[in-house]
Every structure is written in structure tokens, then in C-alpha cells.
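Chain by chain, the residues run as shown.
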Amino acid sequence: MEFDYSMAYKSLRDCVTDLERTLQLVRIDAVLDPHLEIPAVHRRVCSAGGPALLFTRVKGCAFPVASNLFGTLDRARFLFRDTLDNIRRLIALKIDPTEAVKHPLRHAGLLRVLWHMRPKLLRSLPNDFTATTISQLPQLTCWPRDGGPFVTLPQVYTEDADKPGWQHSNLGMYRIQLAGNDYVTDREIGLHYQIHRGIGVHHAKAIHKGQPFSVTIAVGGPPALAVAAVMPLPEGMPELTFAGALGGRRVSLAPGPHGLSLLGDADFNICGTVIPDTLKPEGPFGDHLGYYSLAHPFPVLRVDAVYHRPGAIWPFTVVGRPPQEDTSFGQLIHELTGPVLPTLIPGLHAVHAVDAAGVHPLLLVIGSERYFPFAGDRKPMELLTTANALLGQGQLSLAKYLFIVAKEDTITLDIHDVPAFFRHVLERVNWSRDLHFQTCTTIDTLDYSGTSLNEGSKLVIAAAGPARRELPIELPGDLRLPTGYSDPKICMPGVLAIHSPTHTPGNAERFCNELTPADAINHFPLVLLVDDAGFCARHLNNWLWVTFTRSNPAADVHGIGATVTDKHWGWSGSLVIDARVKPHHAPPVEDDPEVERRIDALAVRGGPLHGIV
């Protein structure tokens, strides 16, 4: 059925109304505090796969707040139910432009989609924009150690100083701290962006030209804006065009008082200019790896103006140890972009950034191994070419551990079946040959396992050929562990977690040196040194999270029976990953017990949260 474009959401309130009409949203009318209480309610509902939420009475604030709008993949699909097919058709045309010739009727409706990809430029600020201040906005603080209230679903708009205008703009989701630390109330806010983000390119150009760097922070509006802000589009392709296609209507841009456009459909617009040569501590902030990103110097935005629309609703989410609401974002984006990646790199079939491990720390890849098909001894060659190409692709360049296998070895292997993928790797990998390190390189800004902010190492593990070992599923009777190491637990076939003494420099190497390749532990190709083996083995997500967020490959990957040949390091026994908490790591996010007790009290029978949390 052809999409009726009059049905496209014109505002966040349209979206909230639609979700409530279809029984996918619950109103909460109890007065709740934006400091920890509202986020705690959100976390409980989100973790249970519950509905979207509208908090109508926010303590100390006149604006309602909404959350969990994208809390399940089904709900995220529902929001764009009338446009997703058109997006898939656009992507199909990018992959194979001849599709339009082969199936002209199927693509006839795309002309209208292309029209909606062009923003609508307003001549002046809409008359219904009302001025407000930063302190009147919802001051949502999600975790006990957060440095202050943050905007967690911002849409940060900037333009290229060399090529001003929306055609070379960037719309990204970068962290915004509204208050706290050394920020001057209502006059300054913190602007945090991670390495390799589009805003950084624009900021660098403005500095180079000696021009003021203006920024618009939009909050709310049609949900297509939020999805567009996190889409990994090619550099130079404006996210506003994708937002128009996904939302089924043109994005409105209005002139702002700071010389930069505002998003005319957003519920809120914060207009600001980066203060030159000024950095202030931003953070801490409980982030999507499940730890706090600590306070570091970041740019400061001078607030020039703040506006809201009539009936404005403030959307928010909570990030923390996955899965959280942003998991659904990632799933939706993968559905849309997954078919494109294989067209960029020959031999690439599928990529999975593992959410349970914090996304960037762990990348699983299926490629092809077609070099020398006549050779009897199949080993990774083309896979290494593919892995290096992936590490040069935008945000994929921040991957820390990249496991890549050959599709030809198991053509039915599912990239999203993580246990099956690891079994495939561990059955085939040759630890003396198949590990490839990159040291002193960039990693995710939020990852504190490295040597300093933004700096750490990478490890590519490539496996190809027939299975070379069977994976144990029971502890061997003659298992021997060095003194101080205990409580071995099997996480999955071939993966052994061991309760280990507190990390000190050199004790992981000593663990390996006290064992030999003849010891029974080497039946397990992967051994994890952890603080709590029981926790690690209890659930797949536990060992993924612990292993890949608490280790830096160059410092924490070891082996039993290690050797160096032509500067290539490998070993004949088990791979050992030191996944213990280190002194330089950031603390994990944890609930506030007192806040949890208050929520429990409101959830008893007859209470305002009964049946909701």
C-alpha cells in the first residue's frame, strides 16, 4: 500500500500520541525527581521490554519527559512502519543502480522520497518558539556518580566552515552536560564528542580558519531525527537527508541567532558558540560500556539562546551496561546498513559489533578466503586484507578485538549467533600464527582499558581452514593451577574463566610461565583471568562484557608456551586474557540503593508505579 505522507510524525507529540493510541506507551502522573528517580524507573521498564513512558509531572520542571520510545526493536520498526521499505529500496539502488531499470514500478515512489530528503528552509524563526533557559530544562541525572545533568538524546547540528550550508552539515549524537563542575549556570554547557566524529572535522576547520564554531543542539522532534543522528553515514553525506527519507517529510531549518540553523521541528533548540581556547572538565558520566567515563577537559559551549515549542516534550534515554535502549538503535541501524558494507569491501559478507561487549570493543566478521584456492593448506590471507580494510572504515576503526572467519568453512554460520561464532573460531584458530596486533593506536574515547584517553591497541584474530581441535565441555581431572588461582568455571565450550588474585604488574605473565603446553589447562584454547569466575560463567553476556571491556590486547593478552618468530608473537598453548579490573580502569555504573528503595515503595499495590515497574 502506498504510504500516506500526511501520516508522517510532525513532532514528538505526534509520536507519543500514536504510541499511546496503540497501547505502546504508559503515562506516569506521579511526581518524580529527574535526579536518579526517573532514570531508575526507565531502566526497570526498559530491561523488562516494557512500553514507552511519558512522565507528566517532573519535579522542579514544567516540561514532561518521555523515554523508552525505541526500547524494543519492534517498537522502533513501528515508528517507521510506513517508510522502512522506501529506505530499503534506496539502499538497494545504492548497491545496484540497475535495480531501477529492472524493477521500475517497484521504485516509482522514490521520487517523492528524494523530495523529502531536501530540507525545507524557513525564512525566519517560527512565531511559536518561546525563549527559556538551561536551568528550566529537565535536569536528568542518570547515575549516582554523574557529574551533573546531561542531554542523552541530543541532535547536535554543525556546518563545514569551508562549505557552509546544510549540504555539508553534520547531525550527530554527542554528549551534552547541562550543569555541574565549573560551568557557569545558564551560560555554559559541556560539549563532549568522541574520536573520529563528524563534529570534530567541522571544529578543526573552524579553528583553522579562525572562525567562531557555532553549534545547535536540538532535542525532541520527529523520531527520525534521533535515528539520523546516530546513523553511520559516509562523511560528507548530510544526516538531514536521511532524516527526511526515514521520517516521510522534509526537515525544517530556521535561521538561528548565532548564525547557524535551528531544527524547526525539534521540541527544544539550544544555540551556542564554542568558546575559543577554553576547555573545562566534563563528566563523569555513566556510559554505554557499563562504566563511568571520567572527567576530562572538553570544549565549552557559550549558550546564546534556548527555545522550546508549544507543548514540548523532552525525550531521554539511559545508557549503561548493555543491553539498554540504545541496543534497539543499533539493531535497527544494522537492519538498514547491513547490506551496504559487503559492497564496500570485496570478500566481506557480514559484520556484527557485539552490543553485550560495548559495541566497539568486539567486532565479529565473516569474510572469504579465496586466495590460492588450489593450495592444500588453507590459512588466513584474504581475511587479513578484509580486516585491515574494515579497520579503515569510519567508526569500525575503533574496534579493539576483531575476530574474522571464512564463510567457506561453514556456509551456514550466523554472525549474530555469538556462541556458534566463538566455537567456530576456537576450533580452528592457530595461536602461533593467527594473532595480529596493532599497538599505540586509537580506541574508543569511552574505553578505559587502554594506556591513556583514546589510546590503546587492537588485535585481529583470523581463523580459516578445517577444525583442528575439539572443545572441552568439562574440567579435566588433572587440571593444575598456579598458587593463588582457583574456582575454574567453563563459560562455554573451550572457554575457561579462573578466579585470580588482584591484578598486579607482571602476575599474568607469571601465571603463563608457571604452566607448560603439556598442562591440562591447554585443552581450553581460551583462558580468562577474572575477578569473579562464577559471575563470568553465569551468562554469555557476562563473560563478553568482562573480557572485552577490561582488557587491552597489547598489555593483557598472553599465552602459554609463547615464542617470537620474525617479530611475530604466538604460542603453542592456551590464549590467556587478563580481564581483571586494573587500577587505571573506570568504575562500573551501579544503582543507588536508596533510590531503588523509593521506587520499590511506589510500586507496591495501590502505588502510582504498581504494574509499571
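Overview of the structure. (Residues numbered from 1 in each chain as written. Predicted model: local features only at pLDDT ≥ 70, side-chain atom pairs only at ≥ 80, totals over all residues. Heavy atoms only, no water.)

**Regarding the sheet that holds strand β19 (residues 350–353)**
Rules: Think of it this way: DSSP has to see at least two bridges between two strands before they count as a pair. Helix numbering and strand numbering both begin at the N terminus, where a helix is a DSSP run of H or I of at least 4 residues and a strand a DSSP run of E of at least 2. Note on geometry: axes are C-alpha line fits, over the in-contact stretch for helices, and angles between N-to-C directions span 0 to 180 degrees. The contact criterion used throughout is that any non-hydrogen atoms of two residues lie within 4.5 Å.
The five strands lie next to each other as β19-β20-β21-β23-β22, forming an open sheet whose pairing is mixed. Looking along the sheet, the strands with just one partner apiece sit at the ends: β19 and β22 (435–442). Recorded for the sheet is a direction-independent mean angle of 15° between the axes of neighbouring strands. Note: β22 against strand β23 (residues 455–463), six bridges, orientation antiparallel. If you follow L435 over to β23, its bridge partner there is I461. In the packing of helix α12 (residues 382–390) onto the sheet, the strands contacted are β19, β20 (362–367), β21 (401–406), β22 and β23, and the crossing angle to β21 comes to about 145°. Where helix α13 (residues 418–428) meets the sheet, it contacts β19, β20, β21 and β23, and its direction lies at approximately 75° from that of β21.

**Things to note about the packing of helix α8 (residues 223–230) against helix α9 (residues 239–247)**
Inclusion rule: Any angle that falls under 35 degrees is termed roughly parallel, while one over 145 is termed roughly antiparallel, one within 65 to 115 roughly perpendicular, and all others oblique. Two helices crossing with the near one rotated counterclockwise from the far one by less than a right angle form a left-handed crossing, whereas a clockwise rotation gives a right-handed crossing. Gly is put with the polar residues, along with every residue not named as nonpolar or charged; the nonpolar set is Ala, Val, Leu, Ile, Met, Phe, Trp, Tyr, Cys and Pro, and the charged set is Asp, Glu, Lys and Arg.
Running from N to C, α8 and α9 cross one another at 140°; their axes reach a closest spacing of 8 Å. Comparing the axis directions of α8 and α9 gives the class oblique. Of the two elements, α8 crosses α9, and the hand of that crossing is right-handed. Where α8 abuts α9, its residues A224, L225, V227 and A228 lie against E239, F242, A243, L246 and G247. By residue class, the composition of the contact of α8 with α9 is seven nonpolar, one polar and one charged.

**Let's talk about the environment of V184**
So the rule is basically this: Only protein chains enter the accessibility calculation, which uses a 1.4 Å probe; a residue whose area is less than 20% of its type maximum is buried, one above 50% is exposed, and one in between is partly exposed.
Residue placement: V184 occurs in the loop between β9 (175–177) and β10 (188–192). For V184, a relative accessible area of 32% puts it in the partly exposed group. For the pair V184 and G60, spaced 124 residues apart in sequence, the C-alpha to C-alpha distance is 20 Å.

**Regarding helix α10 (residues 325–337)**
To be explicit about the condition: Multiplying 1.5 Å by the helix residue count minus one yields the expected span of that helix.
Here α10 spans 19 Å end to end across 13 residues, near enough to the 18 Å set by a 1.5 Å rise per residue. Listing the buried residues of α10 in full gives E325, T327, S328, F329, L332, I333 and L336.

**A word on the packing of aromatic side chains**
For clarity, the threshold we go by: Here the aromatic set is Phe, Tyr and Trp, taking the six-membered ring for Trp, and pairing holds for ring centres within 6.5 Å; pairs whose planes are under 30 degrees apart are stacked, those over 60 apart are edge-to-face, and all others are tilted. Placement of a charge over a ring requires the Lys NZ or Arg CZ to be within 6 Å of the ring centre, with the centre-to-atom vector within 35 degrees of the ring normal.
Applying the stated criterion to the full structure yields 17 aromatic pairs. With a centroid separation of 4.7 Å and 70° between ring planes, the pair formed by W569 and W571 is classed as edge-to-face. Since its relative accessible area comes to 28%, W569 is described here as partly exposed. By relative accessible area, W571 is classed as buried at 2%. Ring-pair connections join several aromatic residues into one group, and the members of that group are Y401, F403, F422, W543 and F548. Across from the ring centre of F78, 3.9 Å away, lies the NZ or CZ of R81, which sits over that ring. Here the guanidinium or amino end of R550 rests over the ring plane of W545, the centre of that ring lying 5.0 Å away.

**What about the pattern of salt bridges?**
What counts here: What counts as a salt bridge is simple: a side-chain nitrogen of Lys or Arg found within 4 Å of a carboxyl oxygen of Asp or Glu.
The tally for this structure, following the rule as stated, stands at 33 salt bridges. The partner of D74 in a salt bridge is R77, and the shortest N-O contact between them spans 3.2 Å. Linking D74 with R77, this pair stays in helix α3 (residues 73–79), spanning three residues, or about one helical turn. On the basis of relative accessibility, which here comes to 56%, the residue D74 falls in the exposed class. The network of salt bridges with common partners includes D74, R77, D85, R88 and E335.

**Some details on the pairing of β21**
In terms of burial, β21 is largely enclosed, as six of its six residues are buried. What you see with β21 is no split at all: Y401, F403 and V405 on one side and L402, I404 and A406 on the other are buried throughout. Pairing analysis gives six bridges linking β20 to β21, with the strands arranged parallel. Bridging across to β21, G367 finds its partner in A406.

**Some details on the nonpolar core**
As a reminder of what qualifies: Here, the term nonpolar core denotes a set of buried Ala, Val, Leu, Ile, Met, Phe, Trp, Tyr and Cys residues that are joined through side-chain atoms within 4.5 Å.
F70, F80, V227 and F242 are the most contacted members of the largest nonpolar core, which has 52 residues in total. Where this core is concerned, the elements lending two or more residues are α1 (12–21), β2 (52–55), α3, α4 (84–95), α6 (110–116), α8, α9 and α10. The biggest single contributor to this core is α8, with six residues.

**Observations regarding the environment of G559**
Relative to the elements of secondary structure, G559 occurs in strand β27 (residues 557–559). The class of G559 is buried, set by a relative accessible area of 8%. In this structure, the C-alpha to C-alpha distance between G559 and G573, residues 14 residues apart in sequence, is 6.5 Å. The contact partners of G559, leaving out residues within four places of it in the chain, are C512, W569, W571, S574 and V576.

**Points about the sheet that holds β2**
Judged by pairing direction, the sheet is mixed, and its four strands sit side by side in the order β1-β2-β3-β18 without closing on themselves. Where the open sheet ends on each side, the last strands, each with one partner, are β1 (25–28) and β18 (314–316). Strand-to-strand, the axes of this sheet are offset by a mean angle of 25°, without reference to chain direction. Pairing analysis gives three bridges linking β2 to strand β3 (residues 65–67), with the strands arranged antiparallel. Along β3, the bridge assignment pairs F55 with V65.

**Considering the packing of helix α2 (residues 37–47) against helix α18 (residues 593–602)**
Here α2 crosses α18 at 70°, and the two axes come no closer than 10 Å. Between α2 and α18, the crossing angle belongs to the class labelled roughly perpendicular. The hand of the α2/α18 crossing is right-handed. Together, E37, A40, V41, R43 and R44 of α2 and V595, E596, R598, I599 and D600 of α18 make up the contact between the two elements. Looking at side-chain class alone, the contact of α2 with α18 contains four nonpolar, no polar and six charged residues.

**Comments concerning unusual backbone geometry**
Residue P284 follows G283 across a cis peptide bond; omega there is 0°. Within the secondary structure, P284 sits in the loop between β14 (268–282) and β15 (285–286). The residue after P322, namely P323, is reached through a cis peptide bond having omega 5°. Here P323 lies in the loop between β18 and α10. With a phi angle near 60°, N68 is a residue other than glycine that sits in the positive phi range. Assignment of secondary structure puts N68 in the loop between β3 and α3. Here the phi dihedral of K567 falls at roughly 65°; this positive angle occurs in a residue that is not glycine. Checked against the element boundaries, K567 lands in the loop between β28 (562–565) and β29 (568–571).

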